[in-house]
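# Analysis of the macromolecular model
Chain by chain, the residues:
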Amino acid sequence: MREYLNIFFVILRRDLILAFRNKAELINPLMFFVIVIVLFPLAFGSDSALLKQLTSGIIWVTALLATCLSLETIFRSDFEDGSIEQFSLSRYPLTLLVSAKILAHWMTFSIPLIVIALFTGIVLSLSSQTISALFITLLLGTPVLSLIGAITVALTIGLRGGMLLSLLILPLYMPILIFSMLAIQNAAVGQSITAELYFLAGILVLAITLAPIATAAALRIRLS
Amino acid sequence: MKLPRWIHQFGSPKYFYELSLWLSRWVAIVCVICFVCGLYGGLVLAPADYQQGDSFRIMYIHVPSAWMSLFIYMVMAVAGGIGLIWRIKLAEIVARSSAPIGASFTFLALVTGAIWGKPMWGTWWVWDARLTSELILLFLYLGYIALQSAFEDRRVAARAGAILALVGIVNIPIIHYSVEWWSTLHQGPTITKMDKPSIHLSMLIPLLFMVLAFKTFFISTLLIRARSEILEYECNASWVKQLLGSNNVTK
Amino acid sequence: MSKFNVNNLECIRRDNILFQNLNFDLEDGGLLQIDGVNGSGKSSLLQMCAGLIQATEGEVRWNGEDINDCRYQFQSDIRYFGHTNGVKAGLTALENMHVMYALSGAKTAIDYSFVLKQIGLEGMEDILVSRMSAGQKRRVGLSRFFMSGSSLWLLDEPFNALDKDGKIIIEQLIVNHCREGGMVIFATHQSIEIESYPLQHVHLGQHNQTTHHA
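Note that this is a predicted model, so its numbers are computed, not measured.

## With respect to the overall build of chain A
When you go through chain A residue by residue, the secondary structure sums to 9 helices and 0 strands. Each helix (α) and strand (β) of chain A, taken in turn from the N terminus, gives the series α-α-α-α-α-α-α-α-α. Taking 224 residues into account, the globule formula puts the C-alpha radius of gyration at 17 Å, and chain A, at 18 Å, falls close to it. Each principal axis of the C-alpha atoms in chain A carries an extent, and together these give about 55 × 35 × 30 Å. The burial tally for chain A puts 57% of its 224 residues in the buried class. Accessible surface, chain A as shown: approximately 9400 Å² in total, 71% of it carbon and sulfur. In chain A, the 12 positive side-chain charges and the 10 negative ones have mean positions that sit 5 Å from each other.

So this is what it looks like as structure tokens:
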């Protein structure tokens, strides 16, 4: 058990170091996130009531798209330089190593994303209930996005056609979007949001249990 | 876990290839009979609905195709899973061949839903829970097909597709439930006349015939598709070379 | 006492039969070279031996058990080195070696700077791999063979990109491992003559592979 924990943290540390050394890969999807959010006021006008209603939805949809873009690189270099091959032939379960990589992705991409999203929410003067609901749903939802995304990335890695990944991921992301937005809308009118949060938490548990296994299986298939 | 021997024998492509020709013909005959009975019963014998008039008759296409769209996805995921675990080629072939048929049924369900919606709701498209789930299901199918066509190696494609289908099958109930919840919150439950339980017997029997017809149609097209897939898979096997040679077919 | 057997192996890639009915055995201290022209299936054979790809027919056995049935044991006992080096360009040589060491599951501690010296990269601990030449990168990747804990080595074109010194180091490494009772299978298209140790050969050609003992 200690041995497994050790290797988990070795891989996590490795990926964190790599992420911080390659800052462009880290920052570009976050920049994309901010720029796309700015597009909406430009399209709908700065002080329209409509925009206020849409803000939290815009943040969530943009978060989905940005996650989609950032995930593309999660396994690419490891696949090209043979690290995945070495992982899959090591004595440790590939599932464990892959989980460490997914956690590293969540830490380096989603945590900054959540911070930026909250900041945007405050700047665009969302109500405090809405912002806290936005925070909780992003906190519960983004790990699922990384986990489900990892499966599809593993399946599509190195295949021609960059759009393929988005085609596969986005339908799978829809329930997360729906539950999160329902929670945020309920929170905005002061209703309880526990039901939606339980659902999100349930999906998160399911994804944590199954997604690393599926990702590892997909990577093994791609190696053959 | 080991499978019994007879499953592997049935799963052997050569055995299946011989059996499937015979099977697909008989199933096709059953299919035609059911179609004729179902269509005649549904379009001619069944009385017009007291509210919807004749437009309800599109249900004889819409309902079976909606059922089939989900059913075929399940077949795809289960067959894919079997192929993934026990490496049975035939299961991979079944999964791969099912996808386009399933996508077609899903598309058919959407189109017929829209056609039915025009006189009922006044617009082609309403964000009704069922239609929305069906639309997402179509996306899942298209994703699967896109993934299949991106690979060169058929076996790798089949196994990658199996994982995607299994992920999809875990997701489908979640999608369905979330969409249901979402649509009731946004516009109140849409009352669909189609799932009124007290359907009259003279309307129900043709529907059952149509369901059977669609099912047998799926089986026979699946068999035909699978046969040609098998030949591609096994083009190195001696029995395929013999078969092609004896029929004077050039590769 | 370990044993590695390949029985009746067949490989079909893109509808072409690369080899069929391939058999060979390897025991402690065995050294085997796979040779053949480009596209003859050398890499595929090594990948099958490692369990990365599944044989279309036949089986690979480790200590008498199919490698698919004893994955954990098998993967603890092998070390594989493919066309790619398995090192991260964004990490330094030392950081890469830390990861390799953790992945190898080796129990005994190692002296990293001593390993680097042996592989000919003395004093390059803190150099980013992206700043290194192809040969140096290859050497960093090969440093995983200086870590204990595996008995069967599978090397795919280990001499690629290496200079003369590098080749000698690797040859020496391979021979030493066999002398200590390990097993090595390597594939190469270069004419490598390991004279100091008895060598088994598997020759892959168009459908007519031969195995013979030197």
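## Section: the environment of Asn63 of chain C
Residues and elements named next belong to chain C. Along the polypeptide, Asn63 turns up in the loop between β4 (57-62) and β5 (65-66). Accessibility expressed as a relative area gives 40% for Asn63, which makes it partly exposed. A C-alpha to C-alpha distance of 8.1 Å links Asn63 and Asn5, two positions 58 residues apart in sequence. Aside from chain neighbours lying at most four places away, what touches Asn63 is Met1, Ser2 and Lys3.

## Comments concerning the interface of chain C and chain A
The partner chain A presents 27 residues to the 29 residues of chain C that form the contact. Taken together, both faces of the contact between chain C and chain A bury some 2300 Å²; the carbon and sulfur share is 55%. If you sort the residues of chain C by the area they bury against chain A, Leu52, Lys88 and Leu103 of chain C come out on top, with a joint share of 28%. Counting the contacts that link chain C with chain A gives 3 salt bridges.

## Some thoughts on the pairing of strand β8 (residues 183-187) of chain C
Within a regular beta strand, the side chains point alternately toward one face of the sheet and then the other, so they alternate between its two faces. All names here are of chain C. A large share of β8 lies buried, amounting to 5 of its 5 residues. In terms of strand pairing, strand β3 (residues 31-36) meets β8 through 4 bridges, oriented parallel. Bridged to Leu32 within β8 is Ile185. Inspection of the sheet shows strand β7 (residues 152-156) paired to β8 by 5 bridges, in the parallel sense.

## Observations concerning the nonpolar core
Of all hydrophobic cores here, the largest spans 156 residues; its most connected members are Phe75 of chain A together with Phe4, Phe24, Leu45, Leu152 and Ile185 of chain C. Those residues in contact with Phe4 of chain C that lie beyond four places of it in its chain are Phe24, Asp25, Leu26, Cys49, Val60, Arg61, Trp62, Phe74, Leu152, Met183 and Ile185 of chain C. Formed by 36 residues, the second largest nonpolar core is a distinct cluster that contains Met97, Leu116, Leu121 and Leu142 of chain C.

## Topic: the packing of helix α1 (residues 2-21) of chain A against helix α3 (residues 93-104) of chain C
Describing two packed helices takes the angle between their axes plus the distance from one axis to the other. The interhelical angle for the contact between α1 of chain A and α3 of chain C, taken along N-to-C directions, is 155°, at an axis separation of 10 Å. Judged by the angle between their axes, α1 of chain A and α3 of chain C are roughly antiparallel. Considering only the axes of α1 of chain A and α3 of chain C, their crossing is left-handed. Mapping the contact onto sequence places Ile7, Val10, Ile11, Arg14, Ile17 and Arg21 of chain A in α1 of chain A and Glu95, Val99, Ala102 and Leu103 of chain C in α3 of chain C. Residue composition of the contact of α1 of chain A with α3 of chain C, by class: 7 nonpolar, no polar and 3 charged.

## What to know about the confidence of the model for chain B
Residues and elements named next belong to chain B. Averaged over all residues, the pLDDT of chain B is 85; the fraction at 70 or higher stands at 87%. Mean pLDDT in chain B bottoms out at helix α1 (residues 5-10), which sits at 67, and peaks at helix α3 (residues 59-86), which reaches 93. Overall fold confidence (pTM) sits at 0.90, and the ipTM for the predicted complex is 0.91.

## A word on the interface of chain C and chain B
Between chain C and chain B, the residue contacts involve 6 residues of the former and 5 residues of the latter. Taking both sides of the interface into account, the surface hidden between chain C and chain B amounts to around 490 Å²; carbon and sulfur atoms contribute 35%. Ranking the residues of chain C by area buried against chain B places Arg14, Asp15 and Gln54 of chain C at the top, with a combined share of 69%. Inspection of the chain C/chain B interface yields 0 salt bridges. Linking chain C to chain B there are 0 residue pairs in polar contact (both at pLDDT 80 or more). Its residues assigned to classes, the side of chain C that touches chain B shows 2 nonpolar, 2 polar and 2 charged.

## Here we look at the pattern of salt bridges
Residues and elements named next belong to chain A. Tallying each qualifying case throughout the model produces 15 salt bridges over all chains. A salt bridge links Arg91 to Glu3; its shortest N-O distance comes to 2.7 Å. Of this pair, Arg91 sits in the loop between α5 (83-88) and α6 (94-123) while Glu3 sits in helix α1; the two residues are 88 residues apart in sequence, bridging distant segments of the chain. The class for Arg91 is buried, based on a relative accessible area of 14%.

## Quick look at the sheet that holds strand β1 (residues 3-13) of chain C
Residues and elements named next belong to chain C. Read from one edge to the other, the open sheet built from 4 strands follows the order β2-β1-β4-β5, with strand pairing classed as antiparallel. Each end of this open sheet is capped by a strand with a single partner; those strands are β2 (16-27) and β5. Bridge analysis of β1 against β2 gives 8 bridges, and the strand direction is antiparallel. Residue Val6 lies in a different strand from β2, and its bridge partner there is Phe24.

## Some points on the packing of aromatic side chains
For the structure shown, the criterion picks out 26 aromatic pairs over all chains. Where Trp116 of chain B meets Trp121 of chain B, the ring centres are 5.4 Å apart and the plane angle is 80°; that geometry is what we call edge-to-face. Using a relative accessible area of 5% as the deciding quantity, one classes Trp116 of chain B as buried. Its relative accessible area of 25% is what places Trp121 of chain B among the partly exposed residues. Joined through ring pairs, the aromatic side chains of Phe179 and Phe199 of chain A together with Tyr177 and Trp181 of chain B make up one cluster. Here the basic side chain of Lys215 of chain B rests over the ring of Phe71 of chain B, its NZ or CZ set 4.2 Å away from the ring centre. The residue whose ring lies beneath Arg227 of chain B is Tyr17 of chain B, and the NZ or CZ to ring-centre distance is 4.1 Å.

## Observations regarding the pairing of strand β6 (residues 78-81) of chain C
All names here are of chain C. Alternating positions in β6 separate into two faces, Ile78 and Tyr80 on one and Arg79 and Phe81 on the other, with burial throughout. Here 4 bridges tie β6 to β7, and the two strands are oriented parallel to one another. Paired with Arg79 across the bridge in β7 is Trp153.

Here is what the cut-offs are and how they apply
- Residues numbered from 1 in each chain as written.
- Chains lettered and ligands numbered in written order.
- Predicted model: local features only at pLDDT ≥ 70, side-chain atom pairs only at ≥ 80, totals over all residues.
- Heavy atoms only, no water.
- Helix = DSSP H or I, 4+ residues; strand = E, 2+ residues; numbered from the N terminus.
- Rg over C-alpha atoms; globule rule 2.2 N^0.38 Å.
- Buried < 20%, exposed > 50% of the residue type's maximum accessible area, 1.4 Å probe, protein only.
- Areas by Shrake-Rupley, 256 points an atom, 1.4 Å probe, with all protein chains shown as cover.
- Lys, Arg positive; Asp, Glu negative; His and termini not counted.
- Charge placed at Lys NZ, Arg CZ, Asp CG, Glu CD.
- Contact = heavy atoms within 4.5 Å.
- Buried area = accessible area lost by both parts, 1.4 Å probe.
- Salt bridge = Lys/Arg side-chain N within 4 Å of Asp/Glu carboxyl O.
- Pairing = 2+ DSSP bridges.
- Core = buried A, V, L, I, M, F, W, Y, C linked by side-chain atoms within 4.5 Å.
- Axes fitted to C-alpha atoms, helices over the stretch in contact; angles between N-to-C directions.
- Parallel < 35°, antiparallel > 145°, perpendicular 65-115°, else oblique.
- Left-handed = near helix turned anticlockwise from the far one by under 90°.
- Nonpolar A, V, L, I, M, F, W, Y, C, P; charged D, E, K, R; others polar.
- pLDDT = per-residue confidence, 0-100.
- Polar contact = N/O pair within 3.5 Å; in protein donor to acceptor, adjacent residues only side chain to side chain.
- Phe/Tyr/Trp six-rings, centres within 6.5 Å; stacked < 30°, edge-to-face > 60°.
- Lys NZ or Arg CZ within 6 Å of the ring centre and 35° of its normal.

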